[in-house]
Amino acid sequence: NNYNKKYAKGKTNQLLKSVGMKNRSLHKPSSLSGGEQQRIAIARALSNSPEIVVADEPTGNLDNKNSLKIINELINVSNENHTALLLATHDDLVADKMNIVYQLIDGKLKKVK
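Computed from a predicted model, the values in this text were never measured in an experiment.

**Section: the overall build of the chain**
Reasoning step 1: Per the secondary structure count, the chain includes 4 helices and 4 strands.
Reasoning step 2: The helix and strand sequence of the chain, counted from the amino end, reads α-α-β-α-β-α-β-β.
Reasoning step 3: Taking the principal axes of the C-alpha coordinates as reference, the chain spans close to 55 × 30 × 20 Å.
Reasoning step 4: A burial count over the chain gives 29% of its 113 residues as buried.
Reasoning step 5: Contacts in the chain between residues far apart in sequence, at least 24 positions, make up 50% of those at least 6 positions apart.
Reasoning step 6: Working note: accessible area of the chain is about 8,200 Å², and carbon and sulfur atoms make up 50% of it.
Reasoning step 7: For the chain, the distance from the average site of its 17 positive side-chain charges to the average site of its 11 negative ones is 12 Å.

Take a look at the structure:
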């Protein structure tokens, strides 16, 4: 059905644009950097307009500069789509960007922010 293809292509382009990857839409995953692959993963996670996005160490393999860039993009896209964001991280810089922070201490969650 052409309508579904048109909708899917439009939605894909919108999501790619929102994570700054529209210019790389025709590239294969193997030709993308780690940060670019992370941004594609963010777009994919938001593709079905979920109410919540759960991410486990979404910036775990990135340097500080790219980590903050990716987390800011994830927060912005999440805000634009009115999507709750729940993530696990060991990175204090990432945790500081969150509105609410819990820390797991001795098997118990403690609210720290």
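From this point, the narrative continues.
**A few points about the side chain of Ser 78**
Reasoning step 1: As for its position among the elements, Ser 78 is in helix α3 (residues 64-80).
Reasoning step 2: Overall, the relative accessible area of 3% leaves Ser 78 in the buried class.
Reasoning step 3: Among the polar contacts made by the side chain of Ser 78, one reaches the main-chain carbonyl oxygen of Thr 83 at a distance of 2.3 Å.
Reasoning step 4: Contact partners of Ser 78, with chain neighbours within four places excluded, come to Thr 83, Ala 84 and Leu 85.

**Comments concerning α3**
Reasoning step 1: Along its 17 residues, α3 runs 24 Å from first to last C-alpha, staying within 8% of the 24 Å computed at 1.5 Å per residue.
Reasoning step 2: Taken together, the buried positions of α3 are Ser 67, Ile 70, Ile 71, Glu 73, Leu 74, Ile 75, Val 77 and Ser 78.

**Describing the nonpolar core**
Most often, soluble globular proteins keep nonpolar side chains buried together rather than apart.
Reasoning step 1: Grouped together as the largest cluster of nonpolar side chains are 21 residues, with contacts concentrated most on Val 19, Met 21, Ile 42, Leu 46, Ile 71, Leu 87 and Met 98.
Reasoning step 2: Of all the elements in the fold, those that place two or more residues in this core are α1 (2-18), α2 (34-46), β1 (52-56), α3 and α4 (92-95).
Reasoning step 3: A total of 5 residues in this core trace back to one element, the largest contributor, which is α3.
Reasoning step 4: Residues within four places of Ile 71 in sequence aside, it is in contact with Pro 58, Thr 59, Leu 87, Val 94, Lys 97 and Met 98.

Thresholds, definitions, all that
- Residues numbered from 1 in each chain as written.
- Predicted model: local features only at pLDDT ≥ 70, side-chain atom pairs only at ≥ 80, totals over all residues.
- Heavy atoms only, no water.
- Helix = DSSP H or I, 4+ residues; strand = E, 2+ residues; numbered from the N terminus.
- Buried < 20%, exposed > 50% of the residue type's maximum accessible area, 1.4 Å probe, protein only.
- Contact = heavy atoms within 4.5 Å.
- Areas by Shrake-Rupley, 256 points an atom, 1.4 Å probe, with all protein chains shown as cover.
- Lys, Arg positive; Asp, Glu negative; His and termini not counted.
- Charge placed at Lys NZ, Arg CZ, Asp CG, Glu CD.
- Polar contact = N/O pair within 3.5 Å; in protein donor to acceptor, adjacent residues only side chain to side chain.
- Expected span 1.5 Å × (residues − 1).
- Core = buried A, V, L, I, M, F, W, Y, C linked by side-chain atoms within 4.5 Å.

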